[in-house]
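# Per-entry structural report
Residue-level listing of the chains:
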Amino acid sequence: MNSFIVRRLIPVLIFSLVIEALELLILTFLKYQELDLSFFSMVKTSGVLLLTTAVSTLYLLLPYVFYLLILPPKWQNSPTDRIITVASFGIYVFLTTIEETIGILLWKDYNTALLFENRNYWEYICEIYQTVSKTYPVILILAAIAVFTFVCVRLTRAFLFTSLPSPRFGRRLFESCLYVVVCTFAYMNIDIEKLEATANIYNNRMAEEGTYSLIKVIDRQEVKPALSKIKSKLEK
């Protein structure tokens with residue numbers, strides 16, 4: 001906990017968990033008739049959801065971790081550092097809130113979650129946009145999310161920084177490598193397609209975290225084929 005990098009990441013992780021928990025509460029209220037609301041079933045549902053939320057947040061924070069790695073200690077909490085950090089957090093809040101909002105609308109109107117599996121992710125995103133725009137004013141939704149983002153950033157920006165001094169480069173490199181190792185092990189050992197909350201299909205779909213699912217699909221459709229091509233060229 002007493003780590004410069006960890007202290008800079010904690011506010012983002014807390015936001016991710018809070019907004020995901022908020023979405024779960026809203027969906028539970030909207031779909032209580034279809035869900036298995038028994039205590040242990042909801043504990044498993046929320047557990048799987050929060051686990052995949054935490055893992056996907058770790059993945060998405062990798063660029064920010066690399067930024068903290070190369071950030072000179074003398075620039076810590078400087079105007080440039082504050083602009084980059086606040087802007088990055090604002091973009092993250094905006095995009096995450098869009099994802100959660102779309103998830104709620106899809107559940108409300110179509111009784112389904114964001115399901116990227118076995119689909120071309122870009123075509124599916126376009127399909128979702130067309131589906132939502134037929135029923136809801138997208139511009140007004142985005143404007144409301146932008147206002148929410150502004151308020152959220154205003155209220156939390158002080159917590160994005162820490163008075164804890166940035167350690168030397170060697171220490172930052174060690175912590176960054178440890179972070180990458182944690183992400184790697186999480187990626188290798190957690191597969192949302194094999195995680196099952198309960199026997200209730202609605203609980204299981206509600207437990208699926210959209211960003212984590214998208215990351216898995218991008219890896220399967222883009223990253224792994226690219227790595228295979230590189231490997232085949234090197235073996236020739």
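An account of the accompanying structure is given in this report. (Residues numbered from 1 in each chain as written. Predicted model: local features only at pLDDT ≥ 70, side-chain atom pairs only at ≥ 80, totals over all residues. Heavy atoms only, no water.)

### Focus on the environment of Lys224
Mapped onto the elements, Lys224 comes out in helix α9 (residues 210-235). Note: C-alpha distance between Lys224 and Leu61 (163 residues apart in sequence) is 21 Å. Filtering out sequence-adjacent residues up to four positions away, Lys224 remains in contact with Tyr187 and Asp219. (Helix = DSSP H or I, 4+ residues; strand = E, 2+ residues; numbered from the N terminus. Contact = heavy atoms within 4.5 Å.)

### Structural notes on unusual backbone geometry
The phi dihedral of Asn77 is positive, around 60 degrees, even though this residue is not glycine. Note on placement: Asn77 falls in the loop between α3 (62-70) and α4 (79-110).

### Some remarks on empty space enclosed by the protein
Under the counting rule described, the total for this entry stands at two cavities of 30 Å³ or more. Of the voids in this model, the largest cavity is the one considered here, and its volume is about 110 Å³. Taken together, the elements giving at least two residues each to the lining of the largest cavity come down to α1 (4-30), α4 and α8 (201-206). No other element matches α4, which puts four residues into the lining of the largest cavity. A class-by-class count of the residues in the lining of the largest cavity yields six nonpolar, two polar and six charged. In this structure, the second largest cavity encloses a volume near 50 Å³. Lining the second largest cavity, in full, are Ser16, Glu20, Thr53, Ser56, Thr57, Leu60, Tyr92, Thr96, Glu99, Glu100, Glu209 and Thr211. Among the elements of the structure, α1, α2 (39-60) and α4 are those that each provide at least two residues to the lining of the second largest cavity. Of the residues belonging to the lining of the second largest cavity, the class tally is two nonpolar, six polar and four charged. (1 Å grid on protein atoms, 1.4 Å probe; cavity = no way out; pocket = protein on both sides within 12 Å on 5 of 7 lines; lining within 4 Å. Points joined across faces, edges and corners; volume = space filled by probe spheres on them. Nonpolar A, V, L, I, M, F, W, Y, C, P; charged D, E, K, R; others polar.)

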